[in-house]
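Close look at the chain arrangement
Chain residues, written in single-letter form:
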Number of protein chains: 2
Amino acid sequence: MSYALINKLTAKPGQRDRVAQILIESGKLFDDNAACIFSMVSESAQDANVLWVTDLWASREEHEAALKQPELRPFVAEALPLLEGMPEQIEVRPVGGKGFPQ
Amino acid sequence: MSYALINKLTAKPGQRDRVAQILIESGKLFDDNAACIFSMVSESAQDANVLWVTDLWASREEHEAALKQPELRPFVAEALPLLEGMPEQIEVRPVGGKGFPQ
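This one's a predicted model, so the numbers in the text were calculated from it and none came from an experiment.

Next up on the list: the overall build of chain A. The helix and strand inventory of chain A stands at three helices and four strands. In chain A, the succession of α and β elements from N to C terminus is β-α-β-β-α-α-β. In terms of overall size, chain A behaves like a compact globule, its C-alpha atoms giving a radius of gyration of 14 Å where 102 residues would be expected to give roughly 13 Å. Of all 102 residues assigned to chain A, the portion counted as buried reaches 33%. Within chain A, residue pairs in contact and separated by at least 24 positions form 74% of the contacts whose partners lie at least 6 positions apart.

With that out of the way, let us pick up the relation of the copies chain A and chain B. Rotating chain A by 180° and moving it 0.0 Å along the rotation axis overlays it on chain B with an RMSD of 0.0 Å. One copy is carried onto the other by what is essentially a two-fold rotation axis. Most of the interface of chain A is mirrored in chain B: 100% of its interface residues are interface residues there too.

Turning our eyes to something else, we now look at the nonpolar core. Grouped together as the largest cluster of nonpolar side chains are 46 residues, with contacts concentrated most on A:V19, A:L51, B:V19 and B:L51. When sequence neighbours within four positions are dropped, the list of residues in contact with B:L51 reads B:L9, B:A11, B:R16, B:V19, B:A20, B:V41, B:S42, B:E43 and B:S44.

Once that is clear, we can look at the interface of chain A and chain B. Contacts between chain A and chain B engage 32 residues on the former and 32 residues on the latter. For the side of chain A that touches chain B, the elements supplying multiple residues, two or more each, are β1 (3–10), α1 (16–27), β2 (36–44), β3 (50–57) and β4 (88–98) of chain A. Partitioned by chemical class, the residues of the side of chain A that touches chain B number 18 nonpolar, nine polar and five charged. Sheet analysis places β4(A) next to strand β2 (residues 36–44) of chain B, joined by six bridges and oriented antiparallel. Each residue of the ladder has a partner; that of A:R93, found in β2(B), is B:E43.

Moving on, we come to the sheet that holds β2(A). What the eight strands build is a closed barrel, ordered β1(A)-β3(A)-β2(A)-β4(B)-β1(B)-β3(B)-β2(B)-β4(A); its pairing is antiparallel. Sheet twist, expressed as the mean angle between neighbouring strand axes with direction ignored, is 30°. In the sheet, β1(A) pairs with β3(A) via eight bridges, with the strands oriented antiparallel. Considered in β3(A), the bridge of A:N7 is made with A:V53. Sitting on the sheet, helix α1 (residues 16–27) of chain B is in contact with β4 of chain A together with β1 (3–10), β2 and β3 (50–57) of chain B, with an inclination near 170° to β2(B).

Cut-offs applied
Residues numbered from 1 in each chain as written. Chains lettered and ligands numbered in written order. Predicted model: local features only at pLDDT ≥ 70, side-chain atom pairs only at ≥ 80, totals over all residues. Helix = DSSP H or I, 4+ residues; strand = E, 2+ residues; numbered from the N terminus. Rg over C-alpha atoms; globule rule 2.2 N^0.38 Å. Buried ≥ 20, exposed ≤ 12 C-beta atoms within 10 Å, placed from the backbone. Contact = placed C-beta atoms within 7 Å. Least-squares fit on C-alpha atoms with pLDDT ≥ 70 in both. Core = buried A, V, L, I, M, F, W, Y, C linked by C-beta atoms within 7 Å. Nonpolar A, V, L, I, M, F, W, Y, C, P; charged D, E, K, R; others polar. Pairing = 2+ DSSP bridges. Axes fitted to C-alpha atoms, helices over the stretch in contact; angles between N-to-C directions.

Here it is, written out as structure tokens:
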């Protein structure tokens, strides 16, 4: 069953671009992982400090396994201090749509 | 420039499944529209009444044109009374990711 997360990240003032770069760069670790079906790093058009990251994975288990790879740690370590608090993580269950396997 | 929306919809109690069906059904209108790159209808895992809909379009103009097609109106007319208030629409600018053209 596919599994998705919608994450809202609030960067400290002036840090949004850098956080977006880190997210894009770290996301490349999943380029060859077929379980990562879709991932979108996006800037809020309404709030200059906010990023929204939408990830669609083939399963929760594969997502959790991907998060455990040690190559990810330096990205997390660099990004977290640039955020106001922790990312707000919204777990969702895809029920339909276009552009991904049902 | 690609354009995306993250929409949060809160259904009236007991109506979430029906609203999701309407969204999936109406989304089929865009199946043959190449400007609709990705669309995901998903249920919140945390709130039994909430749906999140993520849409990625090739451009804002093509999205607006798609919304104007008359075939969409009956779906909107059926769904709106099943919601608590209006959908919360978050406009975002994709800056990177996987599974869509840059």
